[in-house]
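Report on the structure
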Amino acid sequence: AFSISNAKIDITKVAQAGVAAVAISFTIGVSAALAEDKGAGQQVFKAYCAGCHAGGKNIIMREKTLEKDALDQYLAGGRNEAAVITIVTNGKSAMPAFGRRLGEDDTQNVAAYVIATSENGWDN
């Protein structure tokens, strides 16, 4: 017969297992959300940005592309999503401001797409 009376339960191990399960669930959930954001960002990019920035290029100021090195060099604060969000929202030089046209989610998604694509290369 089955008896629990002799079983020893290590509460620390149970707690660690619970924390690990939550961390894994959160990571999987975030990864799925980021994948959706990148797809949404790509759609925003195609609709609003590709006219001037197709393939990560820049038809107005040719040296200021969306390639990794150019973003590192020309973005205030360097190549990061916050810097892209600032440019998309407020514009700069010949780049128009999209702050009134795009919602916060669209702006964040397109910034995530630009950074991820610059990392992987626009030709991939």
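Here's a quick rundown of the structure. Predicted, not measured: the structure shown is a model, and the values here were computed from it. (Residues numbered from 1 in each chain as written. Predicted model: local features only at pLDDT ≥ 70, side-chain atom pairs only at ≥ 80, totals over all residues. Heavy atoms only, no water.)

A separate point is the side chain of Thr107. Here Thr107 is to be found in helix α4 (residues 104-120). Thr107 sits in the buried class, given a relative accessible area of 5%. Aside from chain neighbours lying at most four places away, what touches Thr107 is Ile85, Val88, Thr89 and Leu102. (Helix = DSSP H or I, 4+ residues; strand = E, 2+ residues; numbered from the N terminus. Buried < 20%, exposed > 50% of the residue type's maximum accessible area, 1.4 Å probe, protein only. Contact = heavy atoms within 4.5 Å.)

A few words now on the nonpolar core. Phe45, Leu66, Val84, Val88, Val110, Val114 and Trp122 are the most contacted members of the largest nonpolar core, which totals 17 residues. Top contributing element to this core by residue count: α4, with five residues. Apart from the residues lying within four places of it in its own chain, the contact partners of Phe45 are Ala50, His53, Leu66, Val110, Tyr113, Val114 and Trp122. (Core = buried A, V, L, I, M, F, W, Y, C linked by side-chain atoms within 4.5 Å.)

This part takes up the packing of aromatic side chains. Per the counting criterion, the structure on display carries four aromatic pairs. Centroid distance Tyr48 to Phe98: 6.0 Å. Interplanar angle 80 degrees. Geometry classified as edge-to-face. Here Tyr48, found in helix α1 (residues 11-53), pairs with Phe98, found in the loop between α3 (81-90) and α4; they are 50 residues apart in sequence, far enough to count as distant. Classification of Phe98 as buried rests on a relative accessible area of 9%. Centre to centre, the rings of Tyr113 and Trp122 are 5.7 Å apart; their planes meet at 85 degrees, and the pair counts as edge-to-face. Chaining the aromatic ring pairs together yields one cluster made of Phe45, Tyr113 and Trp122. (Phe/Tyr/Trp six-rings, centres within 6.5 Å; stacked < 30°, edge-to-face > 60°.)

So, about α3. Taken together, the buried positions of α3 are Ala83, Val84 and Val88. Seen end-on, α3 carries its buried residues on one side only, within an arc spanning 130 degrees. Projecting away from the buried face of α3 at angles above 90 degrees are the exposed residues Ala82 and Asn90. Its buried side turned inward, α3 meets α4. With a side-chain oxygen lying 3.1 Å from the backbone nitrogen of Ala82, the N-terminal cap of α3 falls on Asn80. After α3 finishes, the residue Gly91 shows a positive phi value of roughly 70 degrees. (Arc of directions from axis to C-beta. Polar contact = N/O pair within 3.5 Å; in protein donor to acceptor, adjacent residues only side chain to side chain.)

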